[in-house]
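Notes for the structure review
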Amino acid sequence: MLIDLIAGARPNFMKIAPIIRALEDSLAQGGSLDYRLVHTGQHYESNLSGVFFEQLGIPEPDVNLDVGSGSQAEQTAAIMTRYESLLLKKPVNLCLVVGDVNSTMACAIAAQKLCIPVAHVEGGIRSGDWSMPEEINRMVTDSITNWFFITSEFSNENLRKAGVEAERIHFVGNTMIDTLMANLERLRPPAFWDELSLEPKGYFVTTLHRPSNVDTKDQLMTLLKAITDGTRGFPVLFPVHPRTSKTLQALDELPVAIILVEPQPYLEFNYLVRHAKAVITDSGGITEETTVMGVPCLTLRDSTERPETVTQGTNELIGTNPNALQIALDRLFAGQWKTGVIPEKWDGNTGKRIVKVLETLHRLEKV
Ligand code: UD1
């Protein structure tokens, strides 16, 4: 049986790596699940893509669709057109997508319209916020997914409410955490660690790339000011996503504590996170990593699709009101941040569980 593994943008690469490893292990033991790795090319620059393949030991993609950037519709359409053409030339038995980026939804649609079943890793998560392109991607993908691999019981509830039968849902844990656990001992400081004389718990890390936070100068400046007002002169390291970079370049000046750095490779980024006093972010995936590493996380959004990082982990939803951030940071400095626990099945074995389920489905001739 041949499975397409779809990866397109930075947060996909850490989710796909453990599935590849588990498939390789199964193949080495005579398993019958083979795969084709398809990179859509949604992220194409080395620092958002190639370096993750190198550091995480992901093999060269079998196919690169080279779609590049575009508006939401342009990018989605380009991925669908090129992926459909690949499937018509060389069909597969199953299309496995991960996460919630445009590549996830576009490939699921192209496959399902050719009657190729779809498996969705990280299916069922919902923020309820339709202004996020990722939420649309999640809803559309899940409405045409055959097999769901979920990270928590919250996803189970969301899918059951949408009428998905229990036998199509598999609670396997979190592949992103497989990657984190496999690499914890390999994390290493970036070159600027010494240059900036950084010390554990002596700095903050911030990441911002949501369109609503970074696409206008005023909003981005308001957030950066709120962050530096509350962090009491500590350096704030800010690895800048290309989307954010465009707006930053248009700002007249930056608060002095903000230190802009390039998007960081996986091992360096998570080293910075692991040793940070706290992380201030609008990302979803990072809140899972901070939860596992026990690092306080302040999320500059009003909703999350990963509620377990708040109810069980170290994450708190702050929103984008500067006063709320100030109050939360005061609590952090007073040593009153929660410690949290690691959610169920976030244990490093999710890739293996997924492959086991796929083998069973194949044996039962369901895929
Ligand atoms: C995408 C995902 C988001 C994910 C994020 C992580 C969607 C809808 N969004 O958002 O869920 O958290 O990736 O990074 O799929 N660009 C470059 N170089 C690249 C890639 C992109 O300069 O290698 C530029 C593009 O030209 C564009 C901007 O970055 O201006 C946005 O890229 P895009 O892939 O459209 O969305 P992201 O904001 O990266």
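Computed from a predicted model, the values in this text were never measured in an experiment.

Some details on the domain arrangement of the protein
- Once the domains are mapped, the protein shows domain 1 (2–174 + 346–363) and domain 2 (190–333).
- Look at where the C-alpha atoms of domain 1 and domain 2 centre, and you get two points 27 Å apart.
- Both faces combined, the contact of domain 1 with domain 2 buries some 1,800 Å², and carbon together with sulfur accounts for 59% of it.
- It is Q55, F154 and W346 in domain 1 that bury the most area against domain 2; as a group they hold 30% of the surface buried on that side.
- On inspection of domain 1 and its partner domain 2, the count reaches 3 salt bridges.

Description of the site of the ligand
- In the vicinity of the ligand there are 20 residues, among which Q42, S69, E134, H241 and K246 approach most closely.
- One nitrogen or oxygen atom from the main chain of Y44 is found 3.0 Å from an oxygen atom belonging to the ligand.
- Those elements that place two or more of their residues in the shell around the ligand are α1 (10–28), α3 (72–89), α5 (133–143) and α11 (242–249).
- When grouped by side-chain class, the residues that make up the shell around the ligand number 6 nonpolar, 9 polar and 5 charged.

Some thoughts on unusual backbone geometry
- One non-glycine residue with positive phi stands out, namely D66, at about 50 degrees.
- As for its position among the elements, D66 is in the loop between β3 (63–64) and α3.
- By relative accessible area, which is 55% here, D66 ends up exposed.
- At E365, a residue that is not glycine, the phi angle is positive and equals roughly 60 degrees.
- Residue placement: E365 occurs in the segment after α16 (350–363).
- Look at E365 and you get exposed, because its relative accessible area is 71%.

A word on the packing of helix α7 (residues 175–183) against helix α13 (residues 285–293)
- With their axes 10 Å apart at the nearest point, α7 and α13 run at an angle of 50 degrees to one another. Our classification of the angle between α7 and α13 gives oblique. In this structure, α7 crosses over α13, and the sense of that crossing is right-handed. Counted together, M176, I177, L180 and M181 of α7 and G285, I286, E288, E289, V292 and M293 of α13 form the full contact between these two elements.
- Per-class residue counts for the contact of α7 with α13 are 7 nonpolar, 1 polar and 2 charged.

As for the pattern of salt bridges
- In this structure the tally under the stated criterion is 18 salt bridges.
- Across the salt bridge formed by K15 and E122, the nearest N and O atoms sit 2.9 Å from each other. Of the two residues, K15 sits in helix α1 while E122 sits in the loop between β5 (118–121) and α5, which places them 107 residues apart along the sequence. Here K15 matches E122 in class, with each residue buried.
- In this structure, R301 engages E305 in a salt bridge whose closest nitrogen and oxygen atoms are separated by 2.6 Å. Comparing R301 with E305, the two get one shared label, buried.
- Through salt bridges with shared partners, one network takes in K15, D100, E122, E135, R138, E288, R301, E305 and R306.

Remarks on a negative patch on the surface
- A surface patch of like charges, here negative, comprises E24, D25, D34 and D62.
- Following the sequence through the fold, D34 ends up in strand β2 (residues 34–39).
- D34 gets classed as partly exposed once you look at its relative accessible area, which sits at 38%.

Some words on the side chain of N102
- Here N102 is to be found in helix α4 (residues 102–113).
- At 2.8 Å, the side chain of N102 and the side chain of Q75 are in polar contact.
- Not counting residues within four places of it along the chain, the set of residues in contact with N102 comprises Q42, Q72, Q75, T76, I79 and N137.

Topic: the packing of α1 against α7
- Relative orientation of the contacting elements α1 and α7 amounts to 80 degrees, with a least axis distance of 7 Å. Accordingly, the angle class assigned to the pair α1 and α7 is roughly perpendicular. Packed against α1, whose contacting residues are M14, K15, A17, P18, I19 and R21, the element α7 presents T175, M176, D178, T179 and A182 at the interface.

Calculation rules
Residues numbered from 1 in each chain as written. Predicted model: local features only at pLDDT ≥ 70, side-chain atom pairs only at ≥ 80, totals over all residues. Heavy atoms only, no water. Domains from an automatic or database assignment. Buried area = accessible area lost by both parts, 1.4 Å probe. Salt bridge = Lys/Arg side-chain N within 4 Å of Asp/Glu carboxyl O. Near = heavy atom within 4 Å. Polar contact = N/O pair within 3.5 Å; in protein donor to acceptor, adjacent residues only side chain to side chain. Helix = DSSP H or I, 4+ residues; strand = E, 2+ residues; numbered from the N terminus. Nonpolar A, V, L, I, M, F, W, Y, C, P; charged D, E, K, R; others polar. Buried < 20%, exposed > 50% of the residue type's maximum accessible area, 1.4 Å probe, protein only. Axes fitted to C-alpha atoms, helices over the stretch in contact; angles between N-to-C directions. Parallel < 35°, antiparallel > 145°, perpendicular 65-115°, else oblique. Left-handed = near helix turned anticlockwise from the far one by under 90°. Contact = heavy atoms within 4.5 Å. Patch = residues over 30% accessible without salt bridge, like charges linked within 9 Å, V, L, I, M, F, W, Y side chains within 5 Å. Areas by Shrake-Rupley, 256 points an atom, 1.4 Å probe, with all protein chains shown as cover. Lys, Arg positive; Asp, Glu negative; His and termini not counted. Charge placed at Lys NZ, Arg CZ, Asp CG, Glu CD.

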